[in-house]
Amino acid sequence: MRKLPEELKAILAEVDQEIAPRLREIDDQVVYNQGKVLKAFVDHQVAEADLKGTNNGYGDNDIGREKLEAIYAQVFQTEDALVRPQFVSGTHTLAVALDGNLLPGETLTYLTGMPYDTMQQVIGLAPKKRGTLIQKGINFSYVPLNEEGGVDYEEAEKVLKRDQPHIVVIQRSRGYDTRQSYTVDQIKEMTAFVKKVSPESLVFVDNCYGEFSEKHEPTEYGVDFMAGSLIKNAGGGIAQTGGYIVGKEELVENAAIRLTAPGIGKEEGATLTNMHEFYEGFFLAPHTTGEAIKGMIFSADGPIRPPYALYMQGGLTYAHDRIAITNAVNHLFF
Ligand SMILES: Cc1ncc(COP(=O)(O)O)c(C=O)c1O
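Just so we're clear, the structure is a prediction, and the values are computed from it rather than from any experiment. (Residues numbered from 1 in each chain as written. Predicted model: local features only at pLDDT ≥ 70, side-chain atom pairs only at ≥ 80, totals over all residues.)

A. Quick look at the overall build of the protein chain. When helices and strands are tallied, the protein chain shows nine helices and seven strands. Over its C-alpha trace the protein chain gives a radius of gyration of 21 Å, about what one expects of a compact globule, namely 20 Å for 334 residues. Reported as C-alpha extents along the three principal axes, the dimensions of the protein chain are approximately 65 × 50 × 35 Å. Here the protein chain holds 334 residues, and the buried ones make up 41% of them. The contacts of the protein chain with a sequence gap of at least 6 include a subset with a gap of at least 24, amounting to 69%. (Helix = DSSP H or I, 4+ residues; strand = E, 2+ residues; numbered from the N terminus. Rg over C-alpha atoms; globule rule 2.2 N^0.38 Å. Buried ≥ 20, exposed ≤ 12 C-beta atoms within 10 Å, placed from the backbone. Contact = placed C-beta atoms within 7 Å.)

B. Representation of the sheet that holds strand 5 (residues 202-206) within the structure. Spatially, 1-7-6-5-4-2-3 is the arrangement adopted by the seven strands of the open sheet, whose pairing is mixed. Across the chains shown, the open sheet's two edge strands, defined by having one partner strand only, are strand 1 (80-84) and strand 3 (139-142). Taken over all neighbouring pairs, the strand axes of this sheet differ in orientation by 20° on average, direction set aside. Where strand 2 (residues 107-110) lies against strand 3, four bridges are found, and the strand directions are parallel. Paired with Thr107 across the two strands is Asn139, which belongs to strand 3. Strands strand 1, strand 5, strand 6 (225-229) and strand 7 (243-247) of the sheet are contacted by helix 7 (residues 249-259), whose axis makes an angle of about 25° with strand 1. (Pairing = 2+ DSSP bridges. Axes fitted to C-alpha atoms, helices over the stretch in contact; angles between N-to-C directions.)

C. Region of interest: the pairing of strand 4 (residues 167-171). Along strand 4, five of the five residues are buried, which leaves the element largely enclosed by surrounding structure. Neither face of strand 4 is open: one carries Ile167, Val169 and Gln171, the other Val168 and Ile170, and all of them are buried. Where strand 2 meets strand 4, three bridges bridge the pair, whose relative direction is parallel. Opposite Tyr110, over in strand 4, you have Val169 as the bridge partner. Relative to strand 5, strand 4 runs parallel, the two being bridged by five bridges. Bridge assignment links Gln171 to a residue of strand 5, and that residue is Asp206. At this point the chain moves from strand 4, through helix 6 (residues 184-197), to the parallel strand 5, and the crossover so formed is right-handed. (Right-handed = clockwise from strand over helix to strand, strands pointing away.)

D. Here's a closer look at the packing of helix 2 (residues 63-76) against helix 8 (residues 275-298). Interhelical geometry of helix 2 versus helix 8 gives an angle of 20° and a closest axis separation of 10 Å. On the basis of the axis angle, helix 2 is roughly parallel to helix 8. Handedness of the crossing formed by helix 2 with helix 8: left-handed. The segment helix 2 lies against helix 8, with Gly64, Arg65 and Leu68 engaging Met275, Phe278 and Tyr279. Split by residue class, the contact of helix 2 with helix 8 holds four nonpolar, one polar and one charged. (Parallel < 35°, antiparallel > 145°, perpendicular 65-115°, else oblique. Left-handed = near helix turned anticlockwise from the far one by under 90°. Nonpolar A, V, L, I, M, F, W, Y, C, P; charged D, E, K, R; others polar.)

Rendered as structure tokens:
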């Protein structure tokens, strides 16, 4: 590493002082979230045998898998959970959750503007149409965001009353958009709005990058089901694959049937060698998420697409982010 110039060291000292209170807030949040995870581990008496996984082909009676799903359900305060290595990505997990709970003729409505890019392909808004929700006869609509990047409630009321959606989606994180990610408080307000205007609609949250980024999760406030990736926060930087769906029992079961097959649902799915890293990753998830947030407080996260400014994305630890950004600034500006 090149020696840092005195001027840059002085800037670093200033930044350290400025961000110290916010870093302390994150420390407090990490302790709170770690407490939730730890309590779930203790309540379910996690033991060494749970980490072994099943290699028996079908994966019947995988006690470690069932326990981990019960732990996710406890932490997210939901009736049930599906946590599986067979989910190849966040997109796949979201697709299974939605497709498993929609029938031809029903409508899917995004409350938070146009969906994340890969979800546009799942829905059928991109050129390739084979196997998409729209091709299967599911209708799609969305509510464009207002100028501040928030939900346009006036427009939303019209869309919900017009379309009577079976599922209303809230995308928590901004994806490639320039808006802020939505806070859990905002999601609580959005959920209450949907339940008031369209009581029959289910509320689903795309929680990619959301887990443990606050003290509370959207499922504590009336959200019916929610999904995310283990290759993001919930895997703690340890899980190498997988996704999760949490929510009402019936909705989780419907998704499981879509992931496996009718008659199988949650009952099967060998966990092979994944259980150890799923447990370890979930245990570390509050800490790792806190580290990533601290890194973003120090630097700046942004969409990795033109016009490129100086962005840092994907740092797993605060120290890593700090070193990478300091080196980049030193290289470019000194
Ligand atoms: C909001 C949101 N939804 C869905 C996804 C898709 O996740 P994956 O890249 O694992 O398919 C992402 C990925 O960054 C995301 O930010």
